[in-house]
Amino acid sequence: MSFCLEKLYVRMSDSIPFQEEVLDSKISKKSKIIKEHIVEIVSDSGEGAQKCGQSFAAISAKMGNGVWTVEIIPAEIQPPARGRAGASGIRIRVGSKKVTNVGNRADLIVALNEQVPYGRIDQNAYRVGTTLLLEKKWATDDSEDIRTKYSEALDDFNKRGYNVIEVPMEDECLKLVSNARKGKNMWVLGMLCNIYTRSLEKAEFQIRSIFRKKSEKIITSNIELLHAGFEWAQNNLDMQYQIPAMQEEDEYLVMNGNEAIALGVLASGMEVCSMYPITPATSASHLLAEILSKAGGLVHQAEDEIAAIGFAVGASYAGKTAVTITSGPGMALKTEFLGFATMAEIPLVVIDVQRGGPSTGLPTKVEQGDLLAALYGQPGAVPKIVMAASTIEECFHFVILARKLAEQFRTPVYLLTDANLATGQQPFKRPNIQKDWFAPPIDQSPWKKDVKPFDWDQETGLSKRPIPGQAGGQYTVTGLAHDKLSMVSYKPDENQEASEMRSKKFNSFQKTLNPPEISGEEKGDLLIVGWGSTLGAIDEAVETAQNEGIKVSSIHLRFLSPLQPGLKEIFKNFKNIMTVEINYSDSKDSPQFSESSRMYSQLAWVLRARTLVDIDCYSNVEGQPLSPAKIVKAIKAKLQIPQ
Amino acid sequence: MYGLKSNLECDTLSKHFTIEDYGKGVARWCPGCGDHAVLTNAQRLLKEKQLDPAKIVFVSGIGCSSRFPFYMDTYGFHGLHGRAFPVACGVKFRRPDLDVFVITGDGDCCSIGAGAWVHAIRYNMNMTVLLLNNEIYGLTKKQTSPTSRLGTVSNTTPEGSILPPINPIETTLGVSNASFVAQTADWNPEHMYQTIKAGFEHKGFSFIHVIQRCPVFQMNLGKEMATNKDAMYLLNHKDGIQVGADVSKTFNSKIEHDPSDLNKARELAMDKSKVFMGLFYQNKKAPRYDVHGASNLEYTVEQKEDVLSKEFDKYAI
């Protein structure tokens, strides 16, 4: 058996002309052709900024552009209005090429009040020259306090060098609806469609799709607002852009990571998803609840995280390999069952959509902080398979792979994704559906006489498990130390052997894996090692640095346990190795930290222990996806290149 | 079982199971432990019903009684402390062909597993649940359990426990969607057998509370009940458990109780002066989650491919 990790990203180097002015006859307005733009919509919670942005991204993807989105979500459902910290929104990076990360600073912002941009200004999200389309209604608000704040902010924005355009969004919407709060987002969508010459036909289709559960009246009203926003921009704004489509022959799908997980579960043939609501994982189960019942499966919402995995383990034990989808705090609660499933060798797929931790942490923000917990989080020796998806496409395919590995190796398989992948949208090649993705019917043939329930192959550690219903296969699984018959055994040699067999399976599995592919030269001054959702940002940063003549390459790991082989050999050819991750590490420059007390980022810990190479790390826990610019800076800092 | 049908055709099964087909090994409980009686009765029921041992799953948690599955030659799941219910529900969810039994103790069910217990009652999946309640932690050596009587002296309450106990019957009857709640005791094996049988025949979550002694740590538990026939009442009703004359005559006191009367059942459960044996409550119409779980089995790969393809279409560019 061999699992070839296909390199999923192809760099597109064909240059596209940009900054060139063309006259579009249909829109009869001078529009600029651009290579890419980063757009942000920021608002109070509940104003529909995400719906607007996701629609804009979907329309753009459907027009053949590369897109990547990241949602800006406050933890509360309705934080106080006009608050800086409660800003809710979305960033969409749209390009002529494939887009693999959220990029650096925004080119255009739509802000529904003058306070919400500050949450993003604090995160250095904007630059001099960023266009800010600002809701104008606050200028004439009844409250003097608000009017003052508005004019102060306006001055400040101008000082910061933003290109501020005041837009009467509220007034324009009120011409069509009585409550502008409902529908302003679609008016903004219309405005953006005009600015970026998006197809209104596709926009209408999108509105029909997102409001499919609503009445025709609501759909019509939103479509009217869309057209009104488009018209207003046509008559009042001079800027207009075109982002040429990618030249692609293949058919593409566009979705976010949680949707990809849900479709992956469907494609894996797993019949049971047992879950408990937790941000940012839950939306995967929402979609599954809608689609799995149409394909011979069900979602079970358990009473708590422990019961969720217990239910999944029960279903798996009975032959229906199940999935449980959760995030950090849920993983913590599932610990005991995770150890049990390894001890009793029960197949199981565990998906952890990571968020900021420890404890409740940053529920809606991205972090890659659960790696060590996944690898070592249970008491005792708990060898296992841990995979990490680095793209939305991988979110889909890895679930299918996880189910197969779980059954073949009679083990829980952990799949790590994160909040960035969960809500980010990205197009990927429409997969060709294959029959062998789907779980085969469970084996109910009589159990072969004299084969024990843990008849470990001494070389590989593998064994075949009896499934309830198989005549003659009766056995009782247990979390206690047990012999090959699954009977409780406290004998020293039997526990030693059983532990060895449970570990050996994954040594056997590692032999089937390929070493990671090196992106760039095989030799150099610096090798960046990453995992998970940072792939696109690392690739872009490394390419930027390479273009500046820096001898840097990168590898990206998909398997964290067992590790992909050949790392030590790859490391030998680089003067420096540094992981780039979104989790906490101490700065090595601080006088308080010594090498023996410094907290490393999580992959760095693992690689240092595994390879005995002095591996450094760059990481932070700002709750944001890493931007290529930050990584370039870290590369230069590591190599002491003046910047 | 073999049998002659009314049309004189012989009804045969491919295999006839004997009691030995259901048992395995020698139970390692203490001599005099009530668990032995439950084990014997469970094996007797399986033989009586001629259930295929390969189609039975005994699920337990942790504790003395939870070793039960190891002594059955059926499929078994000796799981985690307090988590027998979620596992059993998971086993049953997509496998309506399996008969599921849950063996749990007072610590396992009423303490560490109390949350799962409440929800399992509500799910009302078709399974037979035996709560073996000896009112003490045995495996960990004599600690007070939530069902221990007020004043119980143990290693954790050396001066006597200070809180009133949980009454498992009262608690179960308090959860919405309870569908079968009965009580029996280890010293009346025939009554226990009839109760377990009625529980097995009920389609839903059959909760059977077995009062039993721990010969090591709770010697005197139920002594009064077991010796004073007047303290125990047999619940009689045409819709109740039909225990037969032999069992009936072991009770001096009997009362009529309609098992469809939930309020009356709760009243009886809360009556601290008496102990009632038999069926407190039954609702054959309570919604069953296992019926939902088995609602869409048997999809072909082609059907699944078709659904997936249509989902892809929705996301197509």
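In this text the structure is predicted, and so the values were computed from the model without any measurement. Starting afresh in each chain, residues are numbered from 1 along the sequence in its written order. Working convention: letters from A go to chains and numbers from 1 go to ligands, in the order in which they are written. Side-chain atom pairs in this predicted model are given and counted only at pLDDT of 80 or more, local residue features only at pLDDT of at least 70, and totals for whole chains, interfaces and linings cover all residues.

(A) Examining the sheet that holds strand 16 (residues 412–418) of chain A more closely. Residue and element names in this part refer to chain A. Across the sheet, seven strands lie side by side as 12-11-13-14-16-15-21; this open sheet has mixed pairing. Edge positions in the open sheet fall to strand 12 (298–301) and strand 21 (559–561), since each of these has one partner strand only. The average undirected angle you get between the axes of adjacent strands in this sheet is 25 degrees. For two strands to pair, DSSP has to find at least two bridges joining them. Each helix is a run of H or I in the DSSP string that is no shorter than four residues. Each strand is a run of E no shorter than two, and both are numbered from the N terminus. The sheet contact formed by strand 11 (residues 272–275) and strand 13 (residues 322–326) spans two bridges and is parallel. From the neighbouring strand, Val272 faces strand 13, where its bridge partner is Ala322. Orientation is described by axes fitted as lines to C-alpha atoms, over the contacting stretch for helices, and by angles from 0 to 180 degrees between their N-to-C directions.

(B) Expanded view of the sheet that holds strand 20 (residues 552–557) of chain A. All names here are of chain A. Taken in spatial order, the four strands of this open sheet run 20-19-22-23, and their pairing is parallel. If you trace the sheet from one side to the other, it starts and ends with strand 20 and strand 23 (616–619), each paired once. Across the sheet, the mean angle separating the axes of adjacent strands is 25 degrees when strand polarity is ignored. Where strand 19 (residues 524–531) meets strand 20, six bridges bridge the pair, whose relative direction is parallel. In the sheet register, Ile528 faces strand 20, and the bridge partner there is Ser554. Against the sheet, helix 16 (residues 535–547) engages strand 19, strand 20 and strand 22 (574–581), with an angle of about 170 degrees to strand 20. Against the sheet, helix 19 (residues 628–638) contacts strand 19, strand 20, strand 22 and strand 23, and its axis sits at roughly 145 degrees relative to strand 22. We call two residues in contact when their backbone-placed C-beta atoms lie within 7 Å.

(C) Just the nonpolar core, in detail. Here a nonpolar core is just a set of buried residues of the types Ala, Val, Leu, Ile, Met, Phe, Trp, Tyr and Cys, joined wherever their C-beta atoms sit within 7 Å. With C-beta atoms placed from the backbone, a residue is buried if 20 or more other C-beta atoms are within 10 Å of its own, exposed if 12 or fewer are, and partly exposed between those counts. Val349 and Leu415 of chain A together with Val102 and Phe280 of chain B are the most contacted members of the largest nonpolar core, which has 261 residues in total. When residues no more than four places from it in sequence are discounted, the contact partners of Val349 of chain A are Met270, Thr321, Val323, Val399, Ala402, Arg403, Ala406, Val413 and Leu415 of chain A. Ranked by size, the runner-up nonpolar core spans six residues in total, among them Cys33, Cys64, Tyr137 and Cys214 of chain B.

(D) Region of the structure containing the pairing of strand 11 of chain A. Residue and element names in this part refer to chain A. Burial along strand 11 is two-sided: the residues Val272 and Ser274 and Cys273 and Met275 are all buried. Examined bridge by bridge, strand 11 and strand 12 share four bridges and lie parallel to one another. Following the sheet pairing, Cys273 is matched in strand 12 by Val299. Crossover connection from strand 11 via helix 9 (residues 282–291) to parallel strand 12: handedness right-handed. With the strands pointing away from the viewer, any crossover whose connection runs clockwise from the first strand over the helix to the second is right-handed.

(E) Summary view of helix 8 (residues 257–268) of chain A. All names here are of chain A. Residue count minus one, scaled by 1.5 Å, sets the expected span of a helix. For helix 8, built from 12 residues, the straight-helix expectation of 16 Å at 1.5 Å per residue is met to within 8% by its first-to-last C-alpha distance of 16 Å. Taken across its 12 residues, helix 8 has 12 buried, putting it largely inside the fold. What helix 8 keeps buried is the set Gly257, Asn258, Glu259, Ala260, Ile261, Ala262, Leu263, Gly264, Val265, Leu266, Ala267 and Ser268.

(F) The arrangement of the environment of Ser206 of chain B in detail. Within the secondary structure, Ser206 of chain B is located in strand 10 (residues 205–211). For Ser206 of chain B, a count of 25 C-beta atoms within 10 Å gives the class buried.

(G) Region of the structure containing the interface of chain A and chain B. On the chain B side, the residues contacting the 56 residues of chain A number 45 residues. Broken down by secondary-structure element, the contributors of at least two residues to the side of chain A that touches chain B are helix 1 (49–62), strand 10 (252–256), helix 8, strand 11, strand 12, helix 10 (305–317), helix 11 (328–343) and strand 18 (476–478) of chain A. Looking at the side of chain A that touches chain B, the element that brings in the most residues is helix 10 of chain A, giving nine residues. Its residues assigned to classes, the side of chain A that touches chain B comprises 32 nonpolar, 14 polar and 10 charged. Bridge analysis of strand 18 of chain A against strand 4 (residues 75–78) of chain B gives three bridges, and the strand direction is parallel. If you follow Thr476 of chain A over to strand 4 of chain B, its bridge partner there is Gly76 of chain B. Amino acid classes used here: Ala, Val, Leu, Ile, Met, Phe, Trp, Tyr, Cys and Pro are nonpolar; Asp, Glu, Lys and Arg are charged; the rest, including Gly, are polar.

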